[in-house]
Amino acid sequence: HVQLVESGGGSALAGGSVRLSCAAPGYGFSSLCMAWFRQAPGKEDEGVAAIGSDGSTNYADSVKGRFTISEDNAKNTLYLQMNSLKPEDTAMYYCLASRRAGCWAVLRTYGYEYWGHGTQVTVS
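On a predicted model such as this, the values are computed, not experimentally measured, just so you know.

Undergrad: Explain the overall build of the chain residue by residue, including any values.
TA: The secondary structure content of the chain amounts to zero helices and eleven strands. Start at the N end of the chain and walk to the C end: the helices and strands fall as β-β-β-β-β-β-β-β-β-β-β. On the principal axes, the C-alpha backbone points of the chain span a range of 40 × 25 × 25 Å. Every one of the 124 residues in the chain was classed for burial, and the buried ones make up 46%. Taking the contacts inside the chain whose residues are at least 6 apart along the sequence as the reference set, 59% of them involve residues at least 24 apart. In the chain, the 10 positive side-chain charges and the 11 negative ones have mean positions that sit 2 Å from each other.

Put into structure tokens, the structure is as follows:
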């Protein structure tokens, strides 16, 4: 079982920046596909950004040019750098992971077996 430990959530002003972190202790990121999903009040889960085991990335249209997903393999930590925040970015953000051999940076929940507990981001 992959344990995902998230941090970095909080409140920010519109136009500001927040960086979320997700650590997977004991698992090298080279063997994982990982992603950030979010759920806003009254809405379905939305894939925000994903990164494959080969380093390829995928972004939702709503965040392209503003958000960047990256990973630090030395620290086994995934990041989501969120810039130019908008009120509509307000949501619970979740870190997801897959250790399936054929995983890729898909922005669908079926691509991942593990979820973190989420961290709230509020933009006003």
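Undergrad: Break down the pairing of strand 11 (residues 119-123) for me, citing the residues and quoting the values.
TA: Only one face of strand 11 is covered, namely the one carrying Thr119, Val121 and Val123; the face carrying Gln120 and Thr122 has none of its residues buried. Relative to strand 11, strand 2 (residues 10-12) runs parallel, the two being bridged by three bridges. The residue bridging Gly10 from the neighbouring strand is Val121, located in strand 11. Taken together, the three bridges between strand 9 (residues 91-98) and strand 11 define a ladder with antiparallel strand orientation. Opposite Ala91, over in strand 11, you have Val121 as the bridge partner.

Undergrad: Please provide a residue-by-residue account of the environment of Thr119, values included.
TA: When you line up the elements, Thr119 lands in strand 11. Taking the relative accessible area as the measure of exposure, Thr119 reaches 13% and is therefore buried. Residues Thr119 and Glu6 lie 113 residues apart in sequence; the distance between their C-alpha atoms is 6.7 Å. Setting aside residues up to four positions removed in sequence, Thr119 forms contacts with Glu6, Gly8, Gly9, Leu20, Ala91, Met92 and Tyr93. A distance of 3.2 Å separates a polar side-chain atom of Thr119 from the backbone nitrogen of Gly9.

Undergrad: Which residues make up the sheet that holds strand 1 (residues 5-7), and what values go with them?
TA: A sheet is described by the order of its strands in space; here four strands give the open sequence 1-3-8-7, paired in antiparallel fashion. If you trace the sheet from one side to the other, it starts and ends with strand 1 and strand 7 (67-72), each paired once. Pairwise comparison of adjacent strand axes, ignoring direction, gives a mean angle of 15 degrees for this sheet. Summarising the sheet, strand 1 and strand 3 (residues 18-23) pair through three bridges and their orientation is antiparallel.

Undergrad: Would you mind going over unusual backbone geometry in detail, with residue names and values included?
TA: In the Ramachandran plot, Asn76 falls in the positive-phi region, its phi being about 50 degrees despite a non-glycine side chain. At Ser84, a position not held by glycine, the phi torsion is positive, near 50 degrees. Turning to its location among the elements, Ser84 is positioned in the loop between strand 8 (77-82) and strand 9.

The rules behind each value
- Residues numbered from 1 in each chain as written.
- Predicted model: local features only at pLDDT ≥ 70, side-chain atom pairs only at ≥ 80, totals over all residues.
- Heavy atoms only, no water.
- Helix = DSSP H or I, 4+ residues; strand = E, 2+ residues; numbered from the N terminus.
- Buried < 20%, exposed > 50% of the residue type's maximum accessible area, 1.4 Å probe, protein only.
- Contact = heavy atoms within 4.5 Å.
- Lys, Arg positive; Asp, Glu negative; His and termini not counted.
- Charge placed at Lys NZ, Arg CZ, Asp CG, Glu CD.
- Pairing = 2+ DSSP bridges.
- Polar contact = N/O pair within 3.5 Å; in protein donor to acceptor, adjacent residues only side chain to side chain.
- Axes fitted to C-alpha atoms, helices over the stretch in contact; angles between N-to-C directions.

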